[in-house]
Amino acid sequence: MNEITSAYLQKTGFSHLDPKAVLIDMDGVLYNSMPYHAEAWYKAVSSQGIACTLEEFFLYEGRTGASTIDLIFNRAYGRDATEEEKKQIYTRKCEFFERKGAAAVMPGSFDFLQQVKSLGLLPVLVTGSGQRTLLSKLSHDFPGIFTPQTMVTSFDVKYGKPHPEPYLIGLQKASVQPWQAIVVENAPLGVQAGVAAHIFTVAVNTGPLPNHMLIEAGADYLLPDMLSLSAHFEELYTLLTH
Ligand code: CA
């Protein structure tokens, strides 16, 4: 057996890895939307007079909006935000995000999804996002890939990443066990969520953070971007299943 699979089996205690489904994150994986999200967060939070940096929002990627706002309020004021404050900031964040216009499809992601399908694997979307503009664009940009039954969004989850919950719901929607899936993620908290759900987690480092953050988050396999994943996915699938 190859080293990658045996490291995963040793870590999880499972006897085999037999992927039937691929659980795929959206922002930073299917869309190059993270720079827009980070900028929108930065503007919405700093417009409330709270000090923050653009870069820090790449670290919070995967969290729910409410949890990001609580984190920032605790740092600034030593308390959680009220429901009213959360609603106000999150609404502004969404407005700033939508003003940027449509985020571009991540190069390589379309071909990757076609490969997932042609290998007979079930693609499932697992995102913490409730950004309706992107969610409604999915069926246009990736026709025939996802259905409401194979999508997990912020409307389904309570905790958000790094909690394993979104990926556990993804497994349920796909009717598979953790050893029957592969996660594709770009952010440290997303990788942590996939790993906490005991799923083989591929990290694609499409953002500005250093590689070691994804490795330390527990990624089982690391690639620089979706073009590389698209180029190597069949090879990786063959490696993992033989
Ligand atoms: Ca992401």
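Calculation criteria
Residues numbered from 1 in each chain as written. Predicted model: local features only at pLDDT ≥ 70, side-chain atom pairs only at ≥ 80, totals over all residues. Heavy atoms only, no water. Helix = DSSP H or I, 4+ residues; strand = E, 2+ residues; numbered from the N terminus. Rg over C-alpha atoms; globule rule 2.2 N^0.38 Å. Buried < 20%, exposed > 50% of the residue type's maximum accessible area, 1.4 Å probe, protein only. Contact = heavy atoms within 4.5 Å. Salt bridge = Lys/Arg side-chain N within 4 Å of Asp/Glu carboxyl O. Donors = N, O, S within 2.8 Å, 3.2 Å for Na, K, Ca; no water. Pairing = 2+ DSSP bridges. Expected span 1.5 Å × (residues − 1). Bend = angle between axes of the 7 residues up to and from the residue.

Below, the discussion takes up the overall build of the chain. Along the chain, the regular secondary structure elements total 11 helices and 6 strands. For a compact globule of 242 residues, the expected C-alpha radius of gyration is about 18 Å, and the chain comes in at 18 Å, within 12% of that figure. With the principal axes as the frame, the chain shows a C-alpha extent of 55 × 35 × 30 Å. For the chain, the proportion of its 242 residues judged to be buried stands at 54%. In the chain, once contacts between residues fewer than 6 apart in sequence are set aside, the share between residues at least 24 apart is 66%.

The next thing to look at is the pattern of salt bridges. Tallied over the entire structure, the rule returns 12 salt bridges. Two residues, Lys20 and Asp18, come together in a salt bridge whose shortest N-O distance is 3.3 Å. A salt bridge links Lys161 to Glu185; its shortest N-O distance comes to 2.8 Å. Note that Lys161 is positioned in the loop between strand 3 (151-152) and helix 8 (165-174) and Glu185 in strand 4 (residues 181-185), a separation of 24 residues in sequence. Judged by its relative accessible area of 3%, Lys161 is buried. Take Glu185: its relative accessible area is 1%, and that puts it in the buried class.

Moving on, we get to the coordination of the calcium ion. The coordination sphere of the calcium ion contains the protein donors Asp25 (OD), Asp27 (O), Glu61 (OE) and Asn186 (OD1), at a distance range of 2.1 to 2.3 Å. Along the chain, the residues that donate to the calcium ion are spaced as D-x1-D-x33-E-x124-N. Here Asn186 lies in the loop between strand 4 and helix 9 (188-196) and Asp25 lies in the loop between strand 1 (21-24) and helix 2 (34-46), a separation of 161 residues in the sequence. Accessibility expressed as a relative area gives 5% for Asp25, which makes it buried.

With that settled, consider the sheet that holds strand 5 (residues 200-204). The strands that make up a sheet pair up through hydrogen bonds in the backbone, lying either parallel or antiparallel. Strand order in the open sheet formed by 6 strands is 3-2-1-4-5-6, with parallel pairing between adjacent strands. Across the chains shown, the open sheet's two edge strands, defined by having one partner strand only, are strand 3 and strand 6 (221-223). Pairing analysis gives 3 bridges linking strand 5 to strand 6, with the strands arranged parallel. Considered in strand 6, the bridge of Val202 is made with Tyr221.

Let us look at helix 11 (residues 226-241). Its 16 residues place the ends of helix 11 21 Å apart at the C-alpha level, agreeing with the 22 Å of an ideal helix rising 1.5 Å per residue. Bending of helix 11 peaks at approximately 55 degrees at the position of His232. Taken residue by residue, helix 11 has Met226, Ser228, Leu229, Ser230, Phe233, Leu236, Tyr237 and Leu240 as its buried positions. Check the buried side of helix 11 and you find it contacts helix 1 (3-12), strand 1, helix 6 (109-118), strand 4, strand 5 and strand 6.

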